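As a plain string of letters, each chain reads:
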Amino acid sequence: IDRSYSYPDPPLTEKGLPDTRHITINGAPDLIIISPMTRTIQTALQVSGILISGANSRVKVQVWPDLREVPDVMCNKGITKAEMMNKFPEFEFSDCHDEWDYAPHTAESATTRAEEVRRKLRSLAMVYKLIVLITHRGFAAFLVQGPRFLTCGM
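Residues numbered from 1 in each chain as written. Predicted model: local features only at pLDDT ≥ 70, side-chain atom pairs only at ≥ 80, totals over all residues. Heavy atoms only, no water.

### A look at the packing of aromatic side chains
And then number 1: Going through the model one piece at a time under the given rule, you end up with two aromatic pairs.
And then number 2: Plain terms: the ring middles of Phe88 and Phe91 are 6.3 Å apart, the flat faces sit at 70° to each other, and that makes the pair edge-to-face.
And then number 3: Judged by centre distance (4.8 Å) and plane angle (75°), the rings of Trp100 and Tyr102 are edge-to-face.
And then number 4: One Lys or Arg, Lys120, reaches over the ring of Trp64 and ends 4.5 Å from the middle of that ring. (Phe/Tyr/Trp six-rings, centres within 6.5 Å; stacked < 30°, edge-to-face > 60°. Lys NZ or Arg CZ within 6 Å of the ring centre and 35° of its normal.)

In structure tokens:
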């Protein structure tokens, strides 16, 4: 993403779109969970589009607002649920707010969100064999320990 975007929810950049084509998933996921932002949904479609789109979808997809990016810069603000449903009608946005009215980012709130995501994943791991998260590297820093992820990092 180019941080100079002065509008919410920008798409992948000209560099980002081809970069997503180099992402590989080892194994066949049975659940893909995506942040409700255009660039993460575009990434999901690039990485596993055949699996998650259309009537013959072979994998369950969920959109989780808790996977949204940090910090509170304009390009990390999302658009309304209605706009997302219009852009990506094949996805379910029922867990998203009608408006992008999430609380402002703080390290504490991101830590709390990350713990909630980990809790949900522990529960889902009892049902699904391979779960793939498509989120943002800023939020991933709160979600997992270790070195900061690179763009398109796994």
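We are not done yet, so read on.
### A closer look at the layout of surface pockets
Any empty space left between atoms is shown by rolling a water-sized probe over those atoms.
And then number 1: By volume, the second largest pocket amounts to about 190 Å³.
And then number 2: As for the second largest pocket, its lining consists of 15 residues, and the residues nearest its centre are Arg68, Asp72, Tyr102, Ala103 and His105.
And then number 3: Split into classes, the residues belonging to the lining of the second largest pocket amount to six nonpolar, three polar and six charged. (1 Å grid on protein atoms, 1.4 Å probe; cavity = no way out; pocket = protein on both sides within 12 Å on 5 of 7 lines; lining within 4 Å. Points joined across faces, edges and corners; volume = space filled by probe spheres on them. Nonpolar A, V, L, I, M, F, W, Y, C, P; charged D, E, K, R; others polar.)

### Topic: the environment of Ile79
And then number 1: Secondary-structure assignment places Ile79 in the loop between β2 (60-63) and α3 (81-87).
And then number 2: Here Ile79 falls in the buried class, since its relative accessible area comes to 17%.
And then number 3: When near neighbours in sequence (up to four residues on either side) are disregarded, Ile79 contacts Pro8, Asp9, Met84, Lys87 and Trp100. (Helix = DSSP H or I, 4+ residues; strand = E, 2+ residues; numbered from the N terminus. Buried < 20%, exposed > 50% of the residue type's maximum accessible area, 1.4 Å probe, protein only. Contact = heavy atoms within 4.5 Å.)

### Some points on empty space enclosed by the protein
And then number 1: The tally for this structure, following the rule as stated, stands at one cavity of 30 Å³ or more.
And then number 2: Looking at the largest cavity, the residues that line it are Pro36, Ile79, Thr80, Lys81, Met84, Cys96, His97, Trp100 and Tyr102.
And then number 3: Here the lining of the largest cavity is built from residues that sort into six nonpolar, two polar and one charged.

### Quick notes on the nonpolar core
And then number 1: Ile34, Ile41, Phe91 and Phe93 are the most contacted members of the largest nonpolar core, which has 15 residues in total.
And then number 2: Elements supplying a minimum of two residues to this core: β1 (31-34), α2 (38-52) and β3 (131-134). (Core = buried A, V, L, I, M, F, W, Y, C linked by side-chain atoms within 4.5 Å.)

### Overview of the state of the cysteines
And then number 1: Enumeration over the complete set of coordinates arrives at zero disulfides.
And then number 2: In this structure Cys96 is a free cysteine whose sulfur lies 18 Å from that of Cys75, the closest cysteine sulfur available.
And then number 3: Classification of Cys96 by relative accessible area gives buried; the value is 9%. (Disulfide = S-S within 2.5 Å.)

Functional significance is not addressed by these values, which are geometric in nature.
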